[in-house]
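Each chain, letter by letter, is given below.
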Amino acid sequence: MPHSVTKVVIPAAGLGTRFLPATKALPKEMLPVVDKPAIQYVVEEAVRAGLPDVLFVTGRNKNALENHFDRATELEAILMKKGDEDRLSRVAESTDLANVHYVRQGDPKGLGHAVLRSKAHVGDNSFAVLLGDDIIDGRDLLLERMLQVHDVRDTCVVALMEVDPSQAHLYGIATVEATDEDDVVRVRGLVEKPESGSAPSNLAIVGRYVLKPEIYPVLEQTQPGRGGEIQLTDALLTMAEDDSDGGVHGVIFRGRRYDTGDRLDYIKANVEMATEREDIGPGLRSWLKEFAAALDD
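Residues numbered from 1 in each chain as written. Predicted model: local features only at pLDDT ≥ 70, side-chain atom pairs only at ≥ 80, totals over all residues. Heavy atoms only, no water.

Concerning the packing of aromatic side chains
Here is step 1: Applying the stated criterion across every chain, the model contains five aromatic pairs.
Here is step 2: Ring centres of Phe-19 and Tyr-266 lie 5.5 Å apart, and the angle between their planes is 80°; this geometry places the pair in the edge-to-face category. Linking Phe-19 in the loop between strand 1 (7-12) and strand 2 (32-33) with Tyr-266 in helix 10 (residues 263-275), this pair joins segments that are 247 residues apart in sequence.
Here is step 3: Exposure remark for Phe-19: the relative accessible area of 11% places this residue in the buried category.
Here is step 4: On the numbers, 4.9 Å between centres and 15° between planes, the contact of Trp-287 with Phe-291 is stacked. Placement of both Trp-287 and Phe-291 in helix 11 (residues 281-296) is noted, with a separation of four residues, approximately one turn of the helix.
Here is step 5: One aromatic cluster in this structure is built from Phe-56, Phe-69 and Tyr-102.
Here is step 6: Residue placement shows Lys-36 over the ring face of Tyr-41; its charged tip is 4.5 Å from the ring centre. (Phe/Tyr/Trp six-rings, centres within 6.5 Å; stacked < 30°, edge-to-face > 60°. Helix = DSSP H or I, 4+ residues; strand = E, 2+ residues; numbered from the N terminus. Buried < 20%, exposed > 50% of the residue type's maximum accessible area, 1.4 Å probe, protein only. Lys NZ or Arg CZ within 6 Å of the ring centre and 35° of its normal.)

Here it is, written out as structure tokens:
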């Protein structure tokens, strides 16, 4: 049965300050993971799940992102003249990947505010929100599972992962209760980046959401929270406490996730994903063994 969601919102207005000076002129979403911008993996995930309508919520200095999903006619002509069909197909891939739209966030007032900027495009439909810092391995069908739970239970759905308690203060953390499905829980409480040692659980929200349109009026009434920003977590807490619209459920994800939002994790993501590649993986794995052995000497 086809799912009811057709549109994806990808917030991409952040300044990427953790990656300065690289992000002084280059959007953080365009930092490469092996040989593709991080954001392209996210769009590919949406398309695989049957969601080809993508809205980017952008800010200033994001022209490179928009150009990446547009035609590069001069480059394509050069590659065509050279007969380089392989590189030509890779360049054209991002152009033909999805139906892409853009809206500016303006002032950076938080994730909740960014999602609110999508209201005119989404309308009265449920939609998915995918954050660019998280790359989900294409072999793990997290978004597909979330869409299924949304359609069956008529609820907002968040992706949850177990994290080390020492890292809980870096995430939005959920309080949950079990359902009749092993990987699905009912969300009863949410707190954004709790103080160290005070997290109610080790179930962290990772950057995937399937939201009902009822989230919009809740966001419009949500006051700035942590960091003076409008937090999506705060709006979801309001919906979790109200059963009239189906509440909020979580899908517990135990698959492969690559974090590109932190410098060390970004490097790890590049290495992990590169070792999986057929073209460069064998050579890289061999070099890594030699490099690790040299470190032990």
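Some remarks on the side chain of Thr-95
Here is step 1: Here Thr-95 is to be found in helix 4 (residues 85-96).
Here is step 2: A relative accessible area of 16% places Thr-95 in the buried class.
Here is step 3: Of the polar contacts made by the side chain of Thr-95, one reaches the backbone oxygen of Asp-70; its length is 3.1 Å.
Here is step 4: Among residues more than four places away in sequence, those in contact with Thr-95 are Phe-69, Asp-70, Arg-71 and Glu-76. (Polar contact = N/O pair within 3.5 Å; in protein donor to acceptor, adjacent residues only side chain to side chain. Contact = heavy atoms within 4.5 Å.)

Remarks on the pairing of strand 6 (residues 127-130)
Here is step 1: Burial along strand 6 is two-sided: Phe-127 and Val-129 facing one way and Ala-128 and Leu-130 facing the other are all buried.
Here is step 2: Pairing geometry for strand 1 and strand 6, over two bridges, is parallel. Bridging across to strand 6, Val-9 finds its partner in Val-129.
Here is step 3: Pairing between strand 6 and strand 11 (residues 203-211): four bridges, direction antiparallel. Residue pairing in the sheet places Ala-128 in a bridge with Val-210 of strand 11. (Pairing = 2+ DSSP bridges.)

Considerations on the pattern of salt bridges
Here is step 1: Using the criterion set out here, one finds 21 salt bridges in the structure.
Here is step 2: The closest approach of N and O atoms between Arg-90 and Asp-86, which form a salt bridge, is 2.8 Å. Placement of both Arg-90 and Asp-86 in helix 4 is noted, with a separation of four residues, approximately one turn of the helix.
Here is step 3: The exposure class of Arg-90 is partly exposed, given its relative accessible area of 43%.
Here is step 4: Given a relative accessible area of 46%, Asp-86 falls into the partly exposed group.
Here is step 5: Lys-119 serves as the salt-bridge partner of Glu-220, at 3.0 Å between the closest nitrogen and oxygen. Of the two residues, Glu-220 sits in helix 8 (residues 215-221) while Lys-119 sits in helix 6 (residues 119-122), which places them 101 residues apart along the sequence. (Salt bridge = Lys/Arg side-chain N within 4 Å of Asp/Glu carboxyl O.)

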